[in-house]
Amino acid sequence: MTDKDDLMMPRPVRDSQSEMAEIVLPNDANPLGALLGGRLMHWIDLAGAMAAHRHSRNYVVTASIDHLDFWTPVHVGDLVILRSSVNRVFHTSMEVGVKVWVENYLHDTCEHVSSAYLTFVAIDAGGRRLPVPAVVPESDEQRRRYEDAGRRRETRRLELERRNLKS
Ligand SMILES: CC(C)(COP(=O)(O)OP(=O)(O)OC[C@H]1O[C@@H](n2cnc3c(N)ncnc32)[C@H](O)[C@@H]1OP(=O)(O)O)[C@@H](O)C(=O)NCCC(=O)NCCS
């Protein structure tokens, strides 16, 4: 088997699951001390890219970020935890899910802030798209995310088609 074949061997979801943590500083917040949505989106993109890089073992670009909701306000001094995992690989693209939590270490609470689905495309140093090895879901939750990712891809495809028809 060549090194190239080895790189295309399917890999379990757990091998590329990633976690990132940030303490919210005044520069991340609005004048009322609440975390800026744009800053959280930046962290979501980075956390998602970590799992995509680890899984594909290549450079990746963000092709899309699905709809985002912010359910819980986050404040200066809070600890933000972002967990990412590859839900499903298609050909050169992969869907990564990122779940965001806020931990308040003074009150010992942890709340779900946001969830996002991002699509990353693997590329080489010249910007050419590259195939990505398959991902193997092992738990019931990973299998559910794998199935759901297939439905979301179809929804994205239809939405792109609808927008292209309009323009
Ligand atoms: C993302 C990008 C590489 C896709 O290139 P393209 O020429 O449109 O490629 P294709 O239409 O052949 O699609 C390639 C893959 O991307 C997926 N894709 C393309 N546009 C997409 C979108 N808007 N949402 C989700 N997936 C998308 C396709 O489904 C395909 O996946 P597959 O190979 O797994 O089947 C290209 O549009 C690009 O470079 N965009 C800029 C990315 C960027 O700068 N991001 C921000 C900074 S990281």
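Structural data are supplied above this passage.
Cut-offs and rules
Positions within a chain are numbered from 1, following the residues in the order the chain's sequence is written. Thresholds applied to this predicted model are a pLDDT of at least 70 for local features of residues and 80 or more for the giving and counting of side-chain atom pairs; totals over whole chains, interfaces and linings are not thresholded and use all residues. In this description, strands pair whenever DSSP reports at least two bridges between them. Only DSSP runs of H or I reaching four residues or more are called helices, and only runs of E reaching two or more are called strands; each is numbered from the N terminus. Between N-to-C directions, angles span 0 to 180 degrees; the directions come from axes that are lines fitted to C-alpha atoms, helices contributing only their stretch in contact. We call two residues in contact when their backbone-placed C-beta atoms lie within 7 Å. Working definition of burial: number of other C-beta atoms within 10 Å of the residue's own, with buried at 20 or more, exposed at 12 or fewer, and partly exposed in between, all C-beta atoms being placed from the backbone. Helix span, expected: 1.5 Å multiplied by one less than the number of residues in the helix. Using the backbone to place each C-beta atom, any residue with that atom within 6 Å of a molecule or strand is considered near it. To form a nonpolar core, buried Ala, Val, Leu, Ile, Met, Phe, Trp, Tyr and Cys residues must be joined through C-beta atoms within 7 Å.

1. Regarding the sheet that holds strand 6 (residues 109–123)
Spatial strand order, 2-4-5-6-3: 5 strands in an open sheet with antiparallel pairing. The outermost strands of the open sheet, each flanked by one partner alone, are strand 2 (18–23) and strand 3 (59–65). Along the sheet, successive strands turn relative to each other by an average axial angle of 30°, direction set aside. Here 10 bridges tie strand 4 (residues 79–89) to strand 5 (residues 93–104), and the two strands are oriented antiparallel to one another. Each bridged residue has a counterpart across the sheet, and for V89 the counterpart in strand 5 is M94. Across the face of the sheet, helix 2 (residues 37–56) comes into contact with strand 2, strand 3, strand 4, strand 5 and strand 6 while running at roughly 45° to strand 4. Seen against the sheet, helix 3 (residues 140–166) touches strand 3, strand 4, strand 5 and strand 6 and runs at an angle of roughly 80° to strand 4.

2. Some points on unusual backbone geometry
In this model, R57 sits at a positive phi of 50°, which is unusual for a non-glycine residue. Although it is not a glycine, D108 adopts a positive phi angle of roughly 55°. You can see D108 is positioned in the loop between strand 5 and strand 6. By C-beta crowding, D108 is classed as exposed, having 7 other C-beta atoms within 10 Å.

3. So, helix 2
An α-helix turns once every 3.6 residues. As a result, residues three or four positions apart point the same way. In this model helix 2 runs 28 Å from its N-terminal to its C-terminal C-alpha over 20 residues, within 8% of the 28 Å that 1.5 Å per residue would give. Within helix 2, burial applies to L40, I44, A47, G48, A49, A51, A52, H55 and S56. Two residues or fewer past helix 2, R57 is found with a positive phi of approximately 50°.

4. Considering the site of the ligand
Around the ligand, the structure places 13 residues, and the nearest of them are S64, F90, H91, T92 and S93. Residue assignment for the shell around the ligand shows that the elements contributing at least two residues are strand 3, strand 6 and helix 3.

5. Concerning the nonpolar core
Soluble globular proteins: nonpolar side chains tend toward being buried together. Among the nonpolar cores identified, the biggest contains 29 residues, and A52, V86, V96, V98 and F120 are the most heavily contacted of them. Of all the secondary structure elements, the ones that give two or more residues to this core are helix 2, strand 4, strand 5 and strand 6. Top element by residues in this core is strand 6. It accounts for 7 residues. Residues within four places of V86 in sequence aside, it is in contact with V13, S16, A51, A52, H55, M94, V96 and V135.

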